[in-house]
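Now for the letters of each chain:
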Amino acid sequence: MNRQSRGAAAEAQACRFLEARGLRTLGRNYRCRWGEIDLIMRDAAVLVFVEVRYRRHAGFGGALGSIDRRKRERLARAASHYLQRNAAAETPARFDVVTVSPIAGGSEQIEWLANAFEAGP
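Heads up: these notes are all about the structure in this document. (Residues numbered from 1 in each chain as written. Predicted model: local features only at pLDDT ≥ 70, side-chain atom pairs only at ≥ 80, totals over all residues. Heavy atoms only, no water.)

1. Regarding the pairing of strand β1 (residues 24–32)
Okay, step 1: Where β1 meets strand β2 (residues 35–43), seven bridges bridge the pair, whose relative direction is antiparallel. Residue pairing in the sheet places arginine 24 in a bridge with arginine 42 of β2.
Okay, step 2: Hairpin connection between β1 and β2: a loop of two residues separates the two successive antiparallel strands. (Pairing = 2+ DSSP bridges. Helix = DSSP H or I, 4+ residues; strand = E, 2+ residues; numbered from the N terminus.)

2. Here we look at the pattern of salt bridges
Okay, step 1: Overall, the coordinates contain seven salt bridges when judged by the stated rule.
Okay, step 2: One salt bridge connects arginine 6 with glutamate 108, and the closest N-O pair in it is separated by 3.3 Å. Within this pair, whereas arginine 6 is found in helix α1 (residues 3–19), its partner glutamate 108 is found in strand β5 (residues 108–117), the two being separated by 102 residues in sequence.
Okay, step 3: The exposure class of glutamate 108 is partly exposed, given its relative accessible area of 24%.
Okay, step 4: With a shortest N-O distance of 2.8 Å, glutamate 73 and arginine 69 are connected by a salt bridge. Residue glutamate 73 and its partner arginine 69 are located together in helix α3 (residues 69–85), separated by four residues, close to a single helical turn.
Okay, step 5: Salt bridges here are not isolated pairs; linked through shared partners, they connect Asp43, Arg94 and Asp96. (Salt bridge = Lys/Arg side-chain N within 4 Å of Asp/Glu carboxyl O. Buried < 20%, exposed > 50% of the residue type's maximum accessible area, 1.4 Å probe, protein only.)

3. Describing the sheet that holds β2
Okay, step 1: Judged by pairing direction, the sheet is mixed, and its five strands sit side by side in the order β1-β2-β3-β4-β5 without closing on themselves. Looking at which strands have only one partner, the edges of the open sheet turn out to be β1 and β5. Averaged over all pairs of adjacent strands, the angle between strand axes in this sheet comes to 30°, irrespective of strand direction.
Okay, step 2: Where strand β4 (residues 93–102) lies against β5, seven bridges are found, and the strand directions are antiparallel. Its bridge partner lying in β5, valine 98 is registered against tryptophan 112.
Okay, step 3: On the sheet, α1 packs against β1, β2, β3 (46–54), β4 and β5 and is oriented at approximately 15° with respect to β2. (Axes fitted to C-alpha atoms, helices over the stretch in contact; angles between N-to-C directions. Contact = heavy atoms within 4.5 Å.)

So this is what it looks like as structure tokens:
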């Protein structure tokens, strides 16, 4: 499986995982000039912008460690664009991260970190 198809599979897996926990999908792969948001979901009254990370190895900080300051800034700008474009600027929002990592036996471990980071500097 190539990198792009592995990423798409991880996003689909993360989406199903979050839906099973009560979140509702509003969009996938939202793109604008400032970046891309993997999943946009609703958790009760809160909009949730989800970054999905797949890592084959835990080196270099693993999946969560790969979301550096620059990536967080791009996500925040893309989320701001989404909120303005959808007249949702006053809607409470948060940034979640879902990591997908292989484990022994050929299965994968999914971890969900709600409110993983703030949009500010």
